[in-house]
Amino acid sequence: MSTTDLSQFPTIAFIGGGNMASAIIGGLIRQGLPKDRIQVVEPYEPQRQTLQQQFGIHALPAADSSLAQAQVVVWAVKPQTFAQAAAAVADHSRHALHLSVAAGIRSDSIAQWLGNDQIVRAMPNTPALVGQGMTGLFARPQVSAAQQQLAEQIISTTGQLVWVQQESQLDAVTALSGSGPAYVFYFLEAMQQAGAEMGLPAEQALQLAIGTFSGASALAAQSGEAPAVLRERVTSKGGTTFAALEHMRGADIAAHFIGAMHAAERRAKALGDEFGG
Ligand SMILES: NC(=O)C1=CN([C@@H]2O[C@H](COP(=O)(O)OP(=O)(O)OC[C@H]3O[C@@H](n4cnc5c(N)ncnc54)[C@H](O)[C@@H]3O)[C@@H](O)[C@H]2O)C=CC1
Ligand SMILES: O=C(O)[C@@H]1CCC=N1
């Protein structure tokens, strides 16, 4: 995570004030962005109250002319509601940089809805809530280097980032790191269940599973060695890991897992086709 000084940062408007917006707003505030530099449009009253309680931010129920102050507009609405939300904002925001986190919705669609080509698409993930997000970014050619840097500064308050060169690669990022936390939680659930079946208290099983994921991830990040090498080092011939991995090979777990990720990528493309207009 960067430690950029955000005290001189421009005003940022968020369209949609749910999970992903909250993760980014939290990162920006942690790094010193004054709250009066943040605007949010959030039509759902209970969520506006949550934003008030969590961050002390007064969100607008609908877009209005005050959005014209924002130099950056972050789009954090569901793909299904993007077109409708864009119609309400477009007239108030002709000159901003637009940063969309919506899965699947292509920048061609956004440019058409907003009449503006200055668009960066981002695919973050929910560990952004604790400053450990992993985000893929793509910039349209019309986005300046200074605007790219602005997008980077915003996203880096939530964790790490990578730029991709082709917009279509964002669908792969979505399938990998965007949806990825759900795969990790799914494995954690299975490991906890297995631990409990083998006689461990459920809480202890979950602690062991979480510690194993974070420890193995740290080892993979720091050792510089390929995951296959690290895996082999755990696997004694004829030992316990070998027994588990043979079972997984027999059930073709890797192929099923890879197939699941392809399904996520296909869904990202379909969302773009279905709701991109
Ligand atoms: N949740 C996740 O793990 C990730 C989500 N995303 C993307 O982030 C976007 C937002 O997802 P979440 O934050 O999870 O959803 P969310 O449902 O928590 O937030 C969306 C918010 O938009 C508000 N909203 C609805 N219509 C609106 C309108 N016309 N104008 C302004 N706000 C409106 C809703 O009331 C809601 O609070 C989605 O497009 C999703 O694809 C991207 C990466 C990860
Ligand atoms: O499931 C979804 O559509 C969103 C995009 C990535 C994570 N959640």
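Definitions and limits used
The numbers attached to residues start from 1 for each chain and follow its sequence in the written order. Whichever chain is written first becomes A and whichever ligand is written first becomes 1, with later ones labelled in order. pLDDT decides what is reported in this predicted model: residues at 70 or higher carry local features, side-chain atom pairs at 80 or more are listed and counted, and totals for whole chains, interfaces and linings draw on all residues regardless. Note that the side-chain values use all heavy atoms of the structure and ignore hydrogens as well as water. Only protein atoms enter the 1 Å grid used here. Points where a 1.4 Å probe fits but cannot escape make up a cavity, open sets with protein on both sides within 12 Å along at least five of seven lines make up a pocket, and a residue lines them when an atom lies within 4 Å of a point. Grid points are joined across faces, edges and corners, and a volume is the space filled by probe spheres set on the points. Segments assigned H or I by DSSP are reported as helices when at least four residues long, segments assigned E as strands when at least two residues long, and all are numbered from the N terminus. Think of it as three bins: nonpolar holds Ala, Val, Leu, Ile, Met, Phe, Trp, Tyr, Cys and Pro, charged holds Asp, Glu, Lys and Arg, and polar takes everything else, Gly as well. Two residues form a contact once any of their heavy atoms are found within 4.5 Å. As a rule, the C-alpha atoms of each element are fitted with a line to give its axis, helices using only the stretch in contact, and angles between N-to-C directions run from 0 to 180 degrees. Between 65 and 115 degrees an angle is taken as roughly perpendicular, under 35 as roughly parallel, over 145 as roughly antiparallel, and anywhere else as oblique. For this analysis, a salt bridge means a side-chain nitrogen from Lys or Arg found within 4 Å of a carboxyl oxygen belonging to Asp or Glu. Exposure is judged per residue with a 1.4 Å probe applied to protein chains only, and the accessible area is read against the type maximum: over 50% gives exposed, under 20% gives buried, and values in between give partly exposed.

K.L.:
Run through the layout of surface pockets, naming residues and quoting values.
P.N.:
Each pocket or cavity is described by its volume, and for the second largest pocket that value is around 840 Å³. Lining the second largest pocket are 34 residues, and of these Ala 76, Val 77, Lys 78, Pro 79 and Thr 81 sit closest to its centre. Only α1 (19-30), α3 (82-89) and α6 (169-178) provide two or more residues apiece to the lining of the second largest pocket. With four residues, the top contributor of residues to the lining of the second largest pocket is α3. Class assignment for the residues of the lining of the second largest pocket results in 20 nonpolar, twelve polar and two charged.

K.L.:
Requested: an account of the side chain of Thr 11, with residues and values cited.
P.N.:
With respect to the helices and strands, the residue Thr 11 is situated in the segment before β1 (12-15). Discounting residues that sit within four places of it in the chain, Thr 11 has contacts with Arg 37, Gln 39, Gln 69, Ala 70, Gln 71 and Val 72.

K.L.:
Could you give an account of the packing of α6 against helix α7 (residues 180-197), naming the residues involved and the relevant values?
P.N.:
Axes are the key here: two packed helices are described by the angle between their axes and the distance separating the axes. Two elements in contact, α6 and α7, have axes separated by 5 Å at closest approach and are oriented at 30°. Between α6 and α7, the crossing angle belongs to the class labelled roughly parallel. Of the residues in α7, those touching α6 at Ala 175, Leu 176, Ser 177 and Gly 178 are Gly 180, Pro 181 and Tyr 183. Looking at the contact of α6 with α7 residue by residue, the classes come out as four nonpolar, three polar and no charged.

K.L.:
Provide a residue-level description of the pattern of salt bridges, including the pertinent values.
P.N.:
The tally for this structure, following the rule as stated, stands at twelve salt bridges. The salt bridge partner of Arg 140 is Asp 108, with a shortest N-O separation of 2.9 Å. Here the residue Arg 140 occupies a position in the loop between β6 (133-139) and α5 (145-156), and Asp 108 occupies one in helix α4 (residues 107-114), the gap between them amounting to 32 residues. Residue classification places Asp 108 among the exposed positions, given a relative accessible area of 53%.

By themselves these figures say nothing about function.
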